[in-house]
Structure formats: structure tokens, C-alpha cells
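What follows is the residue order along each chain.
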Amino acid sequence: MRKNLASRAFGWLPLILVLGSGCSLVYDLSPDQCGTNSDCDHFGPNLSCNSGVCVCLAGHNCSAVMTTGGTGGKGGTGGTGGTDGGTGGTLATGGDAGMGPETGGTSAVGGGGTGGGTGGTAAKGGKGGTSGRGGTTSTGGTSPEGGAAGMSDTCTTHADCFLTHTDDADPYACVNNQCVELKSKECPVILPLSDNGVWNTLRSTDAVILGAFAPLNNGLPEVVTRNYDLAVDEFWKHTGQGGIFTGSGQRRGIVMVVCEDYFNVSAQLLPPARHLMEELQVPGVVSALFLPDQQYIFEQVAQPNNVFMMMPLYSSQMLIDLPDDGLVWHMLSGANSLSVSYQPLVDMTVDHLKSVGSLGASEDVKLAMVKATDEPFLADTSAYLEAHLQYNGKSMADNAAATPDSLYDPINVQSSYFDSADKQTTAITSILNFAPHLVIGNTVSEMLKWIIPGVEASWDAKNPGRQRPFYILGALDYNDPQMPTLIAADRSLVAQPPQIPLYQRIQGINWPAAVDTTVYDAYQLRYESAYGGQFPGYENFYDATYYLLYALAASRTPLTGSGLVKSMLRVTKGTTEVDVGPNDAMVQFVNQFKTDTTVKIKVVGAMGPPNWDDFGARNDAGSVWCLNNFGGYVPDQLRYDSDSSMLTGTSCFDQPPPQ
């Protein structure tokens, strides 16, 4: 989302933290299975610790121990066995058999054979193997709770799987001529929601399967998933409930499997990622993952399996610059593209400081920057500004080295993602002692919750007679619910001497909305009609899904991530504009994509026209938001003009006070 959600640092994250999840674990990339070789001993012999994962020593056969431990198959709870014919796990919780003619787990809880093998034979046997993946002669568990015996499970279409799995409440899909359960524990939602329980899309059209990550509330779809659903449902229904061709003569529907996006450590995302990308072999996903999780899953699962990832949330410069062959596309621009708007905004603010007497005509500007160093996007923003921003006719480094007094104070803090209880007293003291004219805040919620209130409360006592500072905040502060409370508590006008009201001293940078809101407004009305109520600011999730769907329509089988990359260029680099949403142009070009491999269009999203390079990096410069006197956010007050490198529109300082 260009606004509410992404600008609130994933929107749902503050709620997660309030509910008590360990916020430091969101980005925990420390070893997950092991830290030393001895940590692997309980898995079995001949294992060593490599980058947090227990791996088999060279020259040894460890497949009978734990080739790729996972969450187990149906009827069992053990780890997943090897995929090269290895024997299933033999630990306390048995694993599935390997892909060859081997045996499933034989421990207290047996796993299910998936390679022509036998299900567990202990107290609770796993589900027996199935044809192709588990063989046609596999045996189910032999105890009173034994799993189902193996059955012929070969298929050519999804409809075939409904014939062999008539007793299962959840649908199966035909993947590489084998029936695979569509849902998993971590991936409980299937789109379109309107087709759930009927599964006509799967049965009648041999639907293409896509994947997604989203915040799920005990498996219940919320606003992010509903934006995915709206796009999938519209694309499916408006093409005559037939979907796309992918180069074939028959239309295929589209099904999207949605997985939970939040876990304590990145490695816990491996089971849902592997379910999507290895078991279901989806060619593409809409991936609302936290930044380190996104890179982790891309490198561990998506890239090896050639899966395209459409990332609706903000990104880090490292991920943008990753040599990914275009397999990761970003709906929001990174810090380097967004931050070009800071320079003209700082210049405009300095001119205003002089015009209101907060800064003398020949006086040098003192600037402090609060930097949350543990959040990648914020760290990127700070690094960009320290490398490029100039004031007093000097770089930030030269301002820091100015004599007799430094004119730049960098203040490092830890974000509330990692320590929500930190009241930032050190940062507040630093600002009060430095007494800057201008403070740039690259933080999550720390500026609004602690730092600005602390500075405002103690400023007059520490710096009597000096005008209070102005503040430039960042994209992750936009729509923070703390703002109205902060402005309501402002006592600037009753200070001695009276100060400029706080709401007139705060502005910020954010991802821009579409200049022409026609497409966005129509999308909001359709969302309201489908789900009740409008939820502004989530258009990046809706758009991300639509771009993936159009790329899929322009692709050819076999569907692959690299094929979707090429198709993304076909649907973003053309001259004929096609709006997202149900319209006649959608039908026209979906039909044309059936046979024409050269046609190119430009899909215009609710966020506006596509603005990507050929490798998926978004290039939008930041727009400027202001506040009204109640602490309400006024978005896109100023926009960056790339030709002049200036901001255009009405200055926050020039707008009349709202009534």
C-alpha cells in the first residue's frame, strides 16, 4: 500500500506487538535449527551445523534420519523425509518417505509414505503412499488409528482429484500428474472466496494456481486478503468465468492459495513457502512479507524454484539491488527513489524558518536526524540523506565537522519493532542539548510516541526564548494514530514566548498516490460493494494481484517465474492503457494474448501508471503530507517534479488553517 498500510510499517505489525509477540523476533535471522554441531546430535548421527541448518556430512547417508524435516503429512505429525528416495524420519515423530521406494517413519507417530513406501506402523500411523508420489501398493498405518492405505492418485486435471478424494473436505489439485492437497496448516485460505466449498474453478477449468502471503486472523481473510480476492474474483468473473489461456486453446481459471505471513523466525516460513513453491509449484506469489523474511524466502525457496514474487510492501535497497533476474518486483519505491524529495522540502523549510524569524537571515541551520538503525528501509533513507542532502551550502558530513559548533547531530535509536517500551530519553536529551532548528525523523513510531512529546515538553526550560524545532517525518509515520493525540496535547500557543503551533511544524514524505484518482475511486466503490465499507490505502495489494494476473494471462505454458518476468514487461511497457478492474479492455486483451505473443499494454493501477525499470524496481519519488489543526493527515500536498527537481503544489506553510 502506498499509504495507510505500508506507511504504518505493515499496518498489522503494531497490533501484533501490542498483543505481545516478541518484536525482536520479526527480523531474527540467527540460526534456527542449530548454532553448533552438537545442536544437531538429537536429529541423528553424521550431521553438522551450516548457517543455522543441520546438514549431512559429506560421504554419509543421512536420509534415514532427517533429510528435510518438516511438519508431516496427513495422518502423521512427523518431519518430511528425503526427496531422493531416502527413508522417512526415524525420530520420535516419523516423517514421510522419500520420493523413491523407501519406507515411512516407524516411530511413535508414523509419517506417510510419499515415494512408494509404507506409512508409519506405530501407535498412530501416517497416511499411506500414493501412486507416483507414494506408490500404488503402500500400506497405511496398522494401529487402531492407522492412516488410509495408498490409492491410485494419478491425474491429468484437477477434476480427477475430486474423484479420488471424495471424502476430503478440502480440495486437491493436480500437480505434475499427482493429486496434492491445496491447503496446509499455514496456508488455509483459497481464493476466490466466492468459489469456496464448490470449487468450480478447479473442477471445470483446470485452474492455474498462484500463491500469496498475507496477515491472517486465525485463518480468516482480512483487508489484505480481500484485496487479493477482489482482483482474482473480478478477473475470473469478467472474462466469462473462464479465465486465461496461457497459450492454450482452452480457458483456465485462477486459484490463489494464501499463507500466513508472520512467524517468530524466518525459518518458520519455510513450510508454507515450500507448500506453495515446491508442492503446488506455483509460478508466482503476491508476497506481503517483512523485509528480511522476503529476502530469506526468495533465496531459500523462490529463486531455486524459479518463482516470481510480487512484493506489495516497501522494500530495502539491498533487496531491490539483489541480482534476482527480475524475479522480485516491488510495488513501492525504495529509499533511494523516494528520498529525492527531501532536498527540496528541506530547502523550502529553511526558507520558511527565515520568513517567520525562527532562523536569522545569515544564520546557519542546525539539523538533527533521528535514525532507527535496525529497520532496513529507514536505515537506507538515513544513508541516502547523509550521502546526498545539503544545507548551509555543505554536505551533512561537512556540517557535522563545522567549527566552532557542529551543525549536524546524527542520533541513532532502536525502533519500536525491537523495543516498544524504550521511551527514547537519550534521543530526547540529545535534541534538547543540540537545540536544532530542524529535526528529520527516520523512525517507526518513536518520533510521535516519545521523542516529539519529550522535546516539546522540555524545550522552553532547556532553551528559553528559542523557537521550537520543525520536524520532517518519514513514510512510516504517515497515518500513525498517535498524531491526533499529539496535536491535541500541544501547548505551543500558551508557551512564553508563544510558539508556532505544532501541527504547522510537522510535515513528512510518503509514497505518492495516483495523480488521477479515477481508477482508485472506482476500485474503492467495488471493494465497498463486495465487502462493506471502504478501506483506503490498500491499493498496492489490489494492484499487485492484478499485475500478476495480467502477466499470467500474457504467459505461455509451462508457467515459470522467468516467464512471468518477461510477461510483466508486456503488460507494463506498452502504449495502450488498460485500467485495473473489470472492463471490456480486460476481455479484449486476455483474448488477444491467446495467440498474439507480441502485443504490449500498459496496465494502469489504482496507484497510478506503472513506473518500474526492467528489473522490477519502482521509481516513484516521495510526495509531501501535511497536517490539519486536528492532527489529520493531508496527503500529497506537494509532488516531486523530476524535470526541475522541485516540489510542486501548495506548500504546507501556505495553506490556510483548516476550520
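Note that this is a predicted model, so its numbers are computed, not measured.

Definitions and cut-offs
Residues numbered from 1 in each chain as written. Predicted model: local features only at pLDDT ≥ 70, side-chain atom pairs only at ≥ 80, totals over all residues. Heavy atoms only, no water. Axes fitted to C-alpha atoms, helices over the stretch in contact; angles between N-to-C directions. Helix = DSSP H or I, 4+ residues; strand = E, 2+ residues; numbered from the N terminus. Parallel < 35°, antiparallel > 145°, perpendicular 65-115°, else oblique. Contact = heavy atoms within 4.5 Å. Nonpolar A, V, L, I, M, F, W, Y, C, P; charged D, E, K, R; others polar. Disulfide = S-S within 2.5 Å. Polar contact = N/O pair within 3.5 Å; in protein donor to acceptor, adjacent residues only side chain to side chain. Salt bridge = Lys/Arg side-chain N within 4 Å of Asp/Glu carboxyl O. Buried < 20%, exposed > 50% of the residue type's maximum accessible area, 1.4 Å probe, protein only. Pairing = 2+ DSSP bridges. Core = buried A, V, L, I, M, F, W, Y, C linked by side-chain atoms within 4.5 Å. Bend = angle between axes of the 7 residues up to and from the residue. Left-handed = near helix turned anticlockwise from the far one by under 90°. pLDDT = per-residue confidence, 0-100.

## With respect to the packing of helix α6 (residues 223-238) against helix α17 (residues 518-531)
Thought 1: Between α6 and α17, whose axes approach to 11 Å, the crossing angle comes to 100 degrees. Put simply, α6 runs roughly perpendicular to α17. Counting all contacts with α6, which are made through V223, R226, N227, D229, L230 and E234, the residues of α17 involved are Y523, R526, Y527, A530 and Y531.
Thought 2: A class-by-class count of the residues in the contact of α6 with α17 yields six nonpolar, one polar and four charged.

## Quick look at the environment of D321
Thought 1: Inspection of the secondary structure puts D321 in the loop between α9 (317-320) and β10 (328-330).
Thought 2: Distance from D321 to F615, taken between C-alpha atoms, is 9.4 Å for residues 294 residues apart in sequence.

## Regarding the state of the cysteines
Chemically, a disulfide is nothing more than a covalent bond linking the sulfur atoms of two cysteines.
Thought 1: Following the criterion strictly, the structure yields four disulfides and no others.
Thought 2: Each disulfide pairs two cysteine sulfurs, and for C155 the partner residue is C174, the sulfurs being separated by 2.1 Å. Since a negative S-S torsion denotes a left-handed disulfide, the C155-C174 link at about 95 degrees is right-handed. A residue pair is termed long-range when its members are at least 10 positions apart, and C155 in the loop between α3 (63-66) and α4 (158-164) and C174 in strand β3 (residues 172-175) qualify at 19 residues.

## Observations concerning unusual backbone geometry
Keep in mind that most residues, glycine aside, have a negative phi and that most peptide bonds are trans.
Thought 1: With an omega of 5 degrees, the peptide bond between T403 and P404 qualifies as cis.
Thought 2: Structurally, P404 can be placed in the loop between α13 (396-400) and β14 (408-413).
Thought 3: Positive phi values are uncommon outside glycine, yet N176 reaches one of about 50 degrees.
Thought 4: Examined against the element boundaries, N176 turns out to sit in the loop between β3 and β4 (178-181).

## Notes on the side chain of R618
Thought 1: With respect to the helices and strands, the residue R618 is situated in the loop between β19 (601-604) and β20 (623-627).
Thought 2: Within the structure, the side chain of R618 is placed 3.4 Å from the backbone oxygen of P609, a separation counted as a polar contact.
Thought 3: Looking at R618, its side chain comes within polar contact range of the side chain of D620, at 2.9 Å.
Thought 4: For R618, the contacting residues outside a window of four places in its chain are H330, M331, L332, S333, G334, S337, M607, G608, P609, P610, N611 and W612.

## Quick look at the pattern of salt bridges
Thought 1: Counting across every chain of the model gives 10 salt bridges.
Thought 2: Between E234 and R526 there is a salt bridge, with the nearest N and O atoms lying 2.7 Å from each other. On the criterion of sequence distance, the pair formed by E234 in helix α6 and R526 in helix α17 is long-range, its members being 292 residues apart.
Thought 3: The exposure class of E234 is buried, given its relative accessible area of 8%.
Thought 4: For K371, the salt bridge identified is with E386, shortest N-O distance 3.0 Å. Of this pair, K371 sits in strand β11 (residues 367-372) while E386 is found in helix α12 (residues 376-388), placing the two residues 15 residues apart along the sequence.
Thought 5: Here the salt bridges do not stand alone but share partners, grouping E456, D460, R468 and R505 into one network.

## Quick look at the sheet that holds strand β6 (residues 208-214)
Where strands meet in a sheet, backbone hydrogen bonds hold them as pairs that are either parallel or antiparallel.
Thought 1: Taking strand neighbours across the sheet as the criterion, the six strands line up as β5-β7-β6-β8-β9-β10 in an open arrangement whose pairing is mixed. Of all strands in the sheet, those with a lone pairing partner are β5 (189-191) and β10, marking the two edges. Strand-to-strand twist in this sheet, taken as the mean axis angle between neighbours without regard to direction, amounts to 20 degrees.
Thought 2: One ladder, built from three bridges, connects β6 with strand β8 (residues 284-287); its direction is parallel. If you follow A212 over to β8, its bridge partner there is V286.
Thought 3: Sheet strands in contact with helix α8 (residues 291-302) are β8, β9 (308-311) and β10, and its direction is about 170 degrees off that of β9.

## Digging into the nonpolar core
Thought 1: Within the largest apolar cluster, 166 residues are counted, with the highest numbers of intra-cluster contacts made by Y228, F235, M277, F377, M483, I506 and Y550.
Thought 2: Not counting the four nearest positions on each side in its chain, M277 is found in contact with F213, V282, V285, I297, V301, A302, N305, V307 and M309.
Thought 3: By size, the runner-up hydrophobic cluster in this structure holds five residues, among which are C155, C161, Y172 and C174.

## Section: helix α15 (residues 446-462)
Thought 1: In α15, a bend of some 30 degrees at E456 exceeds every other bend along the element.
Thought 2: For α15, the set of buried residues is E446, M447, L448, I451, I452, G454, V455, E456 and W459.

## Section: the sheet that holds β20
Thought 1: On the basis of which strands lie adjacent, the open sheet formed by eight strands has the order β14-β11-β15-β16-β17-β20-β21-β22 and mixed pairing. Looking at which strands have only one partner, the edges of the open sheet turn out to be β14 and β22 (646-649). On average, each strand axis in the sheet is tilted by 25 degrees relative to the strand beside it, whichever way the strands run.
Thought 2: Pairing between β20 and strand β21 (residues 633-641): three bridges, direction antiparallel.

## Let's talk about the pairing of β6
Thought 1: Within β6, seven of the seven residues are buried, leaving the element largely enclosed by the surrounding structure.
Thought 2: Alternating positions in β6 separate into two faces, V208, L210, A212 and A214 on one and I209, G211 and F213 on the other, with burial throughout.
Thought 3: One ladder, built from seven bridges, connects β6 with strand β7 (residues 254-260); its direction is parallel. Paired with L210 across the bridge in β7 is M256.

## Brief notes about the packing of helix α7 (residues 270-279) against α8
For any two helices packed against each other, one specifies the crossing angle of their axes together with the interaxial distance.
Thought 1: The N-to-C vectors of α7 and α8 enclose an angle of 50 degrees; their axes lie 10 Å apart at closest approach. Accordingly, the angle class assigned to the pair α7 and α8 is oblique. Crossing of α7 over α8 shows right-handed handedness. Listed contacts from α8 to L270, A273, R274, M277 and E278 of α7 are Y296, I297, Q300, V301 and A302.

## Notes on the confidence of the model for the protein
Thought 1: When pLDDT is averaged along the protein, the result is 81; 76% of the residues meet or exceed 70.
Thought 2: Confidence drops under a pLDDT of 50 for residues 1-33, and excluding neighbours within four residues, the segment shows 120 contacts in the predicted structure.
Thought 3: Here residues 61-151 is modelled with pLDDT under 50, and outside its nearest four sequence neighbours on either side it reaches 247 contacts, counting other chains as well.

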